[in-house]
Amino acid sequence: MARGKTAAKSSAKSKSPAKAPQRRKRSGKDPNAPKRPLSAFFWFCNDERPKVKQTLGDDSSVGEVAKELGKRWQVIASTDKNRYQQLADKDKARYDREMASYNKKSGKAAAPSKAAAKASPKKGGSKKKEESEPEDDDDEEDEDEDEDDE
């Protein structure tokens, strides 16, 4: 009886895991490209991080500091949030200017926005099913093998 149980366990372990889909390699970032603009929250974090580290202590982890910054951002007054939002808007304008200049110099067209990329349908989505072959094409080979065995 014990042998039957172990055989069942070993057969369950022998199943091969599903293969993960292959990922496309990213093209490298251009080191000359302008840095992305900071959000209002990141401007807030830049101002508050030293204060948070001082109150929590120098031995606090990055996660603890981030958690505290998130809590403080939730309870901050809307007038203070507006100040950081103005900084973010100003930084976004800087980024747009620098990107326009960068694209002119490099001869690249302006990159499409994320919203436009989401709205456009993916190319070749249904072709994959049409190109795939049926799984059981080797029936003839199986029949030939059966005849040889007799």
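Residues numbered from 1 in each chain as written. Predicted model: local features only at pLDDT ≥ 70, side-chain atom pairs only at ≥ 80, totals over all residues. Heavy atoms only, no water.

This paragraph deals with the side chain of Asp91. Among the secondary structure elements, Asp91 is positioned in helix H4 (residues 78-106). Take Asp91: its relative accessible area is 10%, and that puts it in the buried class. With residues up to four places along the chain from it excluded, the contact list for Asp91 reads Arg36, Pro37, Leu38 and Trp43. (Helix = DSSP H or I, 4+ residues; strand = E, 2+ residues; numbered from the N terminus. Buried < 20%, exposed > 50% of the residue type's maximum accessible area, 1.4 Å probe, protein only. Contact = heavy atoms within 4.5 Å.)

For the rest of this paragraph, the subject is the packing of aromatic side chains. Taken as a whole and judged by the stated rule, the model has five aromatic pairs. Ring centres of Phe44 and Trp73 lie 5.1 Å apart, and the angle between their planes is 55°; on these two criteria the pair is classed as tilted. Residue Phe44 is found in helix H2 (residues 40-56), and its partner Trp73 is found in helix H3 (residues 62-75); the two are separated by 29 residues along the sequence. Each of the two residues, Phe44 as well as Trp73, counts as buried. Taken together, the aromatic side chains of Phe41, Phe42, Phe44, Trp73 and Tyr84 make up a single cluster linked through ring pairs. Against the face of Trp73 rests Lys81, its NZ or CZ located 4.9 Å from the ring centre. Note that Arg83 overlies the ring of Tyr84, its terminal NZ or CZ placed 4.5 Å from the centroid. (Phe/Tyr/Trp six-rings, centres within 6.5 Å; stacked < 30°, edge-to-face > 60°. Lys NZ or Arg CZ within 6 Å of the ring centre and 35° of its normal.)

Attention now moves to a positive patch on the surface. Side chains of Arg26, Lys29, Lys35 and Arg36 sit close together on the surface and give a patch of like positive charge. Mapped onto the secondary structure, Lys29 falls in the loop between helix H1 (2-13) and H2. The exposed category is assigned to Lys29, whose relative accessible area is 81%. (Patch = residues over 30% accessible without salt bridge, like charges linked within 9 Å, V, L, I, M, F, W, Y side chains within 5 Å. Areas by Shrake-Rupley, 256 points an atom, 1.4 Å probe, with all protein chains shown as cover. Salt bridge = Lys/Arg side-chain N within 4 Å of Asp/Glu carboxyl O. Lys, Arg positive; Asp, Glu negative; His and termini not counted. Charge placed at Lys NZ, Arg CZ, Asp CG, Glu CD.)

Scored by pLDDT, the protein chain has a mean of 76; 61% of the residues are at 70 or more. The element-level mean pLDDT for the protein chain is lowest in helix H6 (residues 127-131), coming to 47, with H3 highest at 96. Predicted confidence is poor over residues 126-134, with pLDDT under 50, and the contacts of this stretch with residues over four places away or in other chains come to zero contacts. (pLDDT = per-residue confidence, 0-100.)

What follows concerns the environment of Asn103. Here Asn103 lies in helix H4. A relative accessible area of 13% places Asn103 in the buried class. Expressed as a C-alpha distance, the spacing of Asn103 and Ala33, which sit 70 residues apart in the sequence, is 9.0 Å.

As a further point, take the packing of H2 against H4. At a minimum axis distance of 8 Å, the contact between H2 and H4 shows a crossing angle of 115°. By the angle between their axes, H2 is roughly perpendicular relative to H4. The handedness of the crossing between H2 and H4 comes out as right-handed. Of H4, the residues touching H2 (which contributes Ala40, Trp43, Phe44 and Asp47) are Arg83, Tyr84, Gln85, Leu87, Ala88 and Asp91. For the contact of H2 with H4, the residue count by class is six nonpolar, one polar and three charged. (Axes fitted to C-alpha atoms, helices over the stretch in contact; angles between N-to-C directions. Parallel < 35°, antiparallel > 145°, perpendicular 65-115°, else oblique. Left-handed = near helix turned anticlockwise from the far one by under 90°. Nonpolar A, V, L, I, M, F, W, Y, C, P; charged D, E, K, R; others polar.)

A few words on the nonpolar core. As a rule of thumb, soluble globular proteins bury nonpolar side chains together. Counting 10 residues, the largest nonpolar core consists of Ala40, Phe44, Cys45, Val52, Val65, Leu69, Trp73, Ile76, Tyr84 and Ala88. When neighbours within four sequence positions are excluded, Ile76 is seen to be in contact with Phe44, Lys81 and Tyr84. (Core = buried A, V, L, I, M, F, W, Y, C linked by side-chain atoms within 4.5 Å.)

What follows concerns H3. The end-to-end C-alpha distance of H3 is 20 Å, a good match for the 20 Å that 14 residues give at a rise of 1.5 Å each. Taken residue by residue, H3 has Val65, Leu69 and Trp73 as its buried positions. Down the axis of H3, the sector holding all buried residues measures 75°, keeping them to one side. In H3, the exposed positions that point more than 90 degrees away from the buried face belong to Lys67, Lys71, Gln74 and Val75. (Expected span 1.5 Å × (residues − 1). Arc of directions from axis to C-beta.)

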